[in-house]
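The primary structure of each chain is shown beneath.
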Amino acid sequence: MDSTFADATPARRPFFDRYLAANLILWAFTYLLISMRSFGMGSPWPTLLNYGLRRAAVCTAAFFLCILYQHLLLRSVSSARSRRLALAATLSLAGAVFYTGLNYVAFDVVAPSAETLRDTAMDLIWNTMLTFSSLIWSFVAWCAVVFALNSDDRAREQSLRLMEAQALAAESQNQMLRYQINPHFLFNTLNALSSLILQKDFDRAERMVLSLSNFLRASLEKTPGDKVTLADELTAQRQYLAIEQERFGDRLVLVEATPADLRDALVPGLILQPLIENAVKYGVARTTRPVRVEIGAALGEHGLVVTVRDDAVPDIAKAPTTLGVGLANVRRRLEVLYGEAGRLTCGPRPGGGFAATVELPLERR
């Protein structure tokens, strides 16, 4: 299976620990509230300790009952709202009855205290009603907590799926933009090759075909979404410039200024090709004088900075006034891959020529 699509569906993340924590907090809080009422009755400490242990046993049983309730409630989340509310109400009533009955057994059946033995029937009824009316809200609260946590879980899962879908869409768009570059370059190269053939300059045409073959092989060996080292990117661009030098000869002068410690920096594959093509098209091709095409790299304040500039004479070589397909694709690829951290700035140079600068986060292989 294609790993791209295999990873598109995020795995369900377990959130049982959140339910467990909420369950513990609920019954610890319930235990403390009931215990505080017992403290107010003025019973001696041995009696309070005895009551506390019995109450802890009852609350522990209620805690495990709520774990069962959790699974029943979660199985109903796809049901209609009315059915979920009916189930929650039924479970709350049943839970209150369970707690009240277990509480009666713990305090009035198993080794009842002297105070309990003195209780009248009305006292028993009153205590039972008080326990039931108090504890039903604990079970109602638990049902509400389960539904709330489940709603949050589903929102998180939906958010994960949305993020995954956006990542896949961004990757697809990056691939589309990358594939747009190759036909654009190929169109220009074939035009140049056609001109050489018409001029019957077959030796230069043959060298251009070989250079084109090497360049396409280097570019197509990589997946469009892959990043390459700056050294590999510069190697590919030299192959491209070898094609253009067959057209322009000494009019195209290549100058590289790349520090050795940045040659392992990662850049999107063929990200420089439209910039260099732009320098050739609007600089070298529109003048009869030699034009320096400089490729430089440096470490900037926010990461890697790569610049492509030429020194074509302004009154002979006319720089573009708007972004063409190639430069627009470079800018969009940087936005897709790096967001605001990836930028392309370009424009005429004060002394003549044109400069394009790519800024992106520094990543190394």
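Scroll up for the structure.
Procedures and definitions
- Residues numbered from 1 in each chain as written.
- Predicted model: local features only at pLDDT ≥ 70, side-chain atom pairs only at ≥ 80, totals over all residues.
- Heavy atoms only, no water.
- Helix = DSSP H or I, 4+ residues; strand = E, 2+ residues; numbered from the N terminus.
- Buried < 20%, exposed > 50% of the residue type's maximum accessible area, 1.4 Å probe, protein only.
- Pairing = 2+ DSSP bridges.
- Axes fitted to C-alpha atoms, helices over the stretch in contact; angles between N-to-C directions.
- Contact = heavy atoms within 4.5 Å.
- Salt bridge = Lys/Arg side-chain N within 4 Å of Asp/Glu carboxyl O.

## Focus: unusual backbone geometry
(1) Moving on: Its identity is not glycine, yet lysine 200 carries a phi of approximately 60 degrees, on the positive side.
(2) Moving on: Mapped onto the fold, lysine 200 is located in the loop between helix H6 (121-198) and helix H7 (202-220).
(3) Moving on: With a relative accessible area of 61%, lysine 200 lands in the exposed category.
(4) Moving on: Of note, the phi angle at leucine 270 is positive, near 65 degrees, even though the residue is not glycine.
(5) Moving on: Considering the arrangement of structural elements, one finds leucine 270 in the loop between strand E3 (266-268) and helix H9 (273-282).

## A closer look at the sheet that holds strand E5 (residues 304-310)
Whether parallel or antiparallel, the strands of a sheet pair through hydrogen bonds between backbone atoms.
(1) Moving on: With mixed pairing, the five strands of this open sheet are ordered in space as E2-E4-E5-E7-E6. Each edge of the open sheet is held by one strand with a lone partner, namely strand E2 (252-257) and strand E6 (343-348). For this sheet, the mean inter-axis angle between neighbouring strands, taken without regard to orientation, is 10 degrees.
(2) Moving on: Looking at chain direction, E6 and strand E7 (residues 354-360) are connected through six bridges and run antiparallel. When the bridges of E7 are listed, leucine 344 appears paired with valine 358.
(3) Moving on: Packing of helix H8 (residues 230-248) onto the sheet brings it into contact with E2, strand E4 (291-299) and E5, and relative to E2 it is tilted by some 165 degrees.

## Digging into the pattern of salt bridges
Between side chains of opposite charge, a pair can form as their charged atoms come close.
(1) Moving on: Enumeration according to the criterion identifies twelve salt bridges in this entry.
(2) Moving on: A salt bridge links arginine 309 to glutamate 294, with the nearest nitrogen and oxygen atoms 3.1 Å apart. Within this pair, whereas arginine 309 is found in strand E5, its partner glutamate 294 is found in strand E4, the two being separated by 15 residues in sequence.
(3) Moving on: Ionic contacts of the salt-bridge type, sharing partners, join the residues Arg18, Asp152, Asp153 and Arg156 into one network.

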